[in-house]
Amino acid sequence: SQCDIASCFPVLYRSKKAVIVGDDKQLPHLSFLEKAKEQSFLNQYGIDDKYQLMWRFRTNSMFDLANYYSASPVLLDEHFRSSRPIIEFSSKEFYGGRIKIMRPYFDTKCPIELEYIKDGAVDAEITRNMAESEAIIKKLQDIIIEDSKNNPEIPVNIGIISPFRGQVELIKKDIMKTFSGEIIQRHQIEVGTAHTFQGDERDIILMSWAIAENAHSQSLTFLQKPNLFNVAITRARKRMINFISKDPNTLPDGILRDYFEYIHYSNKTFETRDMAKFKNDFEESIFLELKKLEPSVKAGIECGGVNIDILLNKLVIECDGVEDKTVSRFCNMKKQAILERCGFRVIRVTKREWDLSKNACLDRIMGEYSKIK
C-alpha cells in the first residue's frame, strides 16, 4: 500500500493473485506522481479512488472498503511493539479496540508520561519552542546517565519526534551541541517528524508537541490529523514521554486533549492496580509458594488477549484441573499457542500433581525457570 498507482500497475499486471498489506490509519505513501496524472490512470482503468468508494459505501473505514476488492480481508491485529498503556489509546481511538497486545504488561512505573513546560513559548515566525527543547535535552541527559548505570551492556535507543520541522531542526542543533557523536551513535538518537519514524521504533520516544499558550490555532488543527497523530504516539517500545507548553486542561476538544486525559488517567490508576488476580484457589496456592522462592513472580498479567495464570520472567505456569471463576474465550491449547507466539515458554501443572507432591512441582517449575532466567 506504500506504492502509487503507476508503480502498482507493472506488478499487478504480472500477477494472478495479489496480497495487499497496509494501514489506512497511518501515513499514506509519498507520491511524486501528479494528482491529475494519478486520477487519469484511475479513470483509464475504471478504478474508483478511496473517496469515491467511501461515498458509495457511506463509510470512513478502508477495512470496510477492502470488501469491495476482496471477499475476505484480514485485520492484522497482533501488536508486539509496545506495552498496554502506550498502545491502548491508539487501539481504542483508531482501531475500535480490536488490537491484541502481545507484549506482557508488568512495568514498575507507568510507561507513558506528560511533562508540562510552564514557561514555554512558540516563536512568532516558525513553530519552535526553545523551552521544550531545553527540557528534552535535560531529560535525555538523565536517561543516558541512568541507563549507563543500570544497563551498560545493552543501551536503550532513543527517538525524538515533533510534528513541526522547525522544532525538529532546533532539537537536532541542541543535541549536536550537547552530546558527543559516540553517545548519539550508542543510543541511536534520531530526531524527526512522524514521517521520519513511520515503520520505525525506539525503546524510548520523547515527543515535543511544541504547543504553547501563544501558539496559532492552525498549529493545533495540524496536530490533530488522525494519521499523523497515530504514527507519532505509537513508536515507543518501553517509554513514551510527552512535552507540552500549554495547560492540557485548556485545550479544545479533540484527539490531543483526549490523549492527555488518557495519560492522566493511566498514571492515576497505575499505582492502584491489583496485579495478583487469581481465577481459582489453586493458582493462588502455587503463586504463594513460588513467592517464597522468587519474589518477582506475577499473576493476573494479560498478554495477547489472554490472562496468564502465573508468570516467572518468560516462563508461564498454566494451572489445570480446577474450574476457573471466569470463563476464558479460548481453550487451553489455543491459549498456549497464543502465549508461545508472544515468546513465552509454557509449562502446565495439574491439581493432581500438586496434591501428590507440591515439592516435585516446585522443583520442576524452578528448574525450567533457571534455564531461561
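Residues numbered from 1 in each chain as written. Predicted model: local features only at pLDDT ≥ 70, side-chain atom pairs only at ≥ 80, totals over all residues. Heavy atoms only, no water.

A. Layout of the overall build of the protein. Within the protein, the secondary structure is distributed over 16 helices and eleven strands. Counting across all 373 residues of the protein, residues that qualify as buried make up 44%. Of the contacts formed within the protein by residues at least 6 apart in sequence, a portion of 72% connects residues at least 24 apart. For the protein, the computed accessible surface area is about 21,000 Å², with 52% contributed by carbon and sulfur atoms. (Helix = DSSP H or I, 4+ residues; strand = E, 2+ residues; numbered from the N terminus. Buried < 20%, exposed > 50% of the residue type's maximum accessible area, 1.4 Å probe, protein only. Contact = heavy atoms within 4.5 Å. Areas by Shrake-Rupley, 256 points an atom, 1.4 Å probe, with all protein chains shown as cover.)

B. Helix H5 (residues 84-94), seen in detail. The element H5 is extensively covered by neighbouring structure, given that eight of its eleven residues are classed as buried. Looking only at H5, the buried set comprises Arg84, Pro85, Ile86, Ile87, Phe89, Ser90, Ser91 and Phe94. Directly beyond the C-terminal end of H5, a positive phi value near 65° is found at Gly96.

C. Structural view of the side chain of Ser90. The topology assignment puts Ser90 in helix H5. Accessibility expressed as a relative area gives 2% for Ser90, which makes it buried. A polar side-chain atom of Ser90 sits 2.5 Å from a polar atom in the side chain of Asn230. (Polar contact = N/O pair within 3.5 Å; in protein donor to acceptor, adjacent residues only side chain to side chain.)

D. Spotlight on the state of the cysteines. For the structure on display, the rule yields zero disulfides. No disulfide involves Cys303; its sulfur sits 3.6 Å from that of Cys342, the nearest cysteine. (Disulfide = S-S within 2.5 Å.)

E. Highlighting the sheet that holds strand S8 (residues 298-303). The sheet built from four strands is open, its strands ordered S8-S9-S10-S11 with mixed pairing. Each edge of the open sheet carries a strand with a single partner, namely S8 and strand S11 (345-350). With direction set aside, neighbouring strand axes in the sheet form an average angle of 45°. Relative to the sheet, helix H13 (residues 281-293) contacts S8, strand S9 (306-312), strand S10 (315-320) and S11, its axis offset from that of S9 by approximately 25°. (Pairing = 2+ DSSP bridges. Axes fitted to C-alpha atoms, helices over the stretch in contact; angles between N-to-C directions.)

F. Representation of the packing of aromatic side chains within the structure. Under the criterion given, the structure shown has eleven aromatic pairs. When the centroid spacing of 6.4 Å and the interplanar angle of 65° are considered together, the rings of Trp209 and Tyr259 count as edge-to-face. Placement of Trp209 in strand S6 (residues 202-212) and of Tyr259 in helix H12 (residues 255-270) is noted, with a sequence separation of 50 residues between them. The ring of Phe344 carries the charged tip of Lys314 above its face, separated from the ring centre by 4.5 Å. (Phe/Tyr/Trp six-rings, centres within 6.5 Å; stacked < 30°, edge-to-face > 60°. Lys NZ or Arg CZ within 6 Å of the ring centre and 35° of its normal.)

G. Here's a closer look at the nonpolar core. Judged by nonpolar contacts, the single largest core of 36 residues is most densely connected at Trp209, Phe229, Met240, Leu256, Tyr259 and Phe260. Elements with a contribution of two residues or more to this core: H5, helix H9 (194-197), S6, helix H10 (217-223), helix H11 (226-232), strand S7 (236-245) and H12. At seven residues, H12 tops the list of elements feeding residues into this core. (Core = buried A, V, L, I, M, F, W, Y, C linked by side-chain atoms within 4.5 Å.)

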